[in-house]
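What follows is each chain in one-letter form.
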Amino acid sequence: GSPFEAGMIKGGIDQTMVEGASTLPYQIPNLRVSAHMAEVGVPTLWWRSVGSTHTAFSTETFLDQLADAAGVDPLVIRRKLLTKHPRHLAVLNLAAEKAGWDKPPAKGRTRGLAVHESFKSFVAHVVEVSMGEDGLPKVERVVVAVDCGIPINPDVIRAQLEGGMGFGLSAALFASVDLEDGRVVQSNFHDYRVLRINEMPDVEVHIVPSTEKPTGIGEPGTPPIAPAIANAWSKLTGQRVFSLPFTRAAAK
């Protein structure tokens, strides 16, 4: 419904709806991606990282389900399926190494991971999650690895990845806009909860050395955080989360 719609839809598909899924890097012989439009009466537009906001969550949590079904470590299954995508693999391996994936986490914590490409940059997150007092995930630590080509300004890269991760974390845990009788229920920050500074986890950012041309860094830090948390939460509680935010899922 935006002014850009005519230029964005090709072959009946809005490319921003399927990006990140239609470009799935995993070596899966038969891949079909479809999109279904829903007329909800509410105008929508893009969120930080556009289509990757939802496709990273759906693809990376589903891959963990496949790993669970096969009895395979989620890092191992990704390594097997990413042999033809070395840049995905490099950030995944770097994040896993720096997070100590091969060592057990502290008592009461579990780890989850996710890797995703958006804006031609590659980002992996490994998170450590515990049970919060409110019954929601408490994200204790996030290890980020990024390949965005030649790192022109490493401080800016770190800042954008920390901010993008925090933005995605806030939305994954709390951010909910509800409609009642055609009106938005929330009106300000007293009833629209966002992440507070004391809820921000410890964050480490590791930059892959590269000679490739510089690529986007303002948005790629957001997509992997929600699926990484959901994957860790599944290990912690045995419960899979299929919709966000976690506050809504916990209320069911």
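Residues numbered from 1 in each chain as written. Predicted model: local features only at pLDDT ≥ 70, side-chain atom pairs only at ≥ 80, totals over all residues. Heavy atoms only, no water.

Caption draft 1: Summary view of the sheet that holds strand 8 (residues 202–207). Within the open sheet, the 4 strands sit side by side as 3-4-5-8. Their pairing is mixed. At either end of the open sheet lies a strand with only one pairing partner, and these are strand 3 (110–118) and strand 8. Direction aside, neighbouring strands of the sheet carry axes that sit 15° apart on average. Alignment of strand 3 against strand 4 (residues 121–131), held across 9 bridges, turns out to be antiparallel. Residue Arg111 lies in a different strand from strand 4, and its bridge partner there is Glu128. (Pairing = 2+ DSSP bridges. Helix = DSSP H or I, 4+ residues; strand = E, 2+ residues; numbered from the N terminus. Axes fitted to C-alpha atoms, helices over the stretch in contact; angles between N-to-C directions.)

Caption draft 2: Structural view of the layout of surface pockets. Its boundaries defined by the atoms lining it, the largest pocket holds a volume of some 1,900 Å³. Along the walls of the largest pocket sit 47 residues, with Thr44, Leu45, Trp47, Thr53 and His54 positioned nearest its centre. Among the secondary structure elements, those contributing two or more residues to the lining of the largest pocket are helix 1 (5–8), helix 2 (15–18), helix 3 (52–70), helix 6 (154–173) and helix 7 (225–237). Ranked by the residues each element gives to the lining of the largest pocket, the list is headed by helix 6, at 5 residues. Split into classes, the residues belonging to the lining of the largest pocket amount to 29 nonpolar, 14 polar and 4 charged. Looking at the second largest pocket, its volume works out to about 330 Å³. Considering the residues around the second largest pocket, the lining is formed by 18 residues, among which Gly132, Pro137, Lys138, Val139 and Glu199 are closest to the centre. Taken together, the elements giving at least two residues each to the lining of the second largest pocket come down to strand 4 and strand 5 (137–147). (1 Å grid on protein atoms, 1.4 Å probe; cavity = no way out; pocket = protein on both sides within 12 Å on 5 of 7 lines; lining within 4 Å. Points joined across faces, edges and corners; volume = space filled by probe spheres on them. Nonpolar A, V, L, I, M, F, W, Y, C, P; charged D, E, K, R; others polar.)

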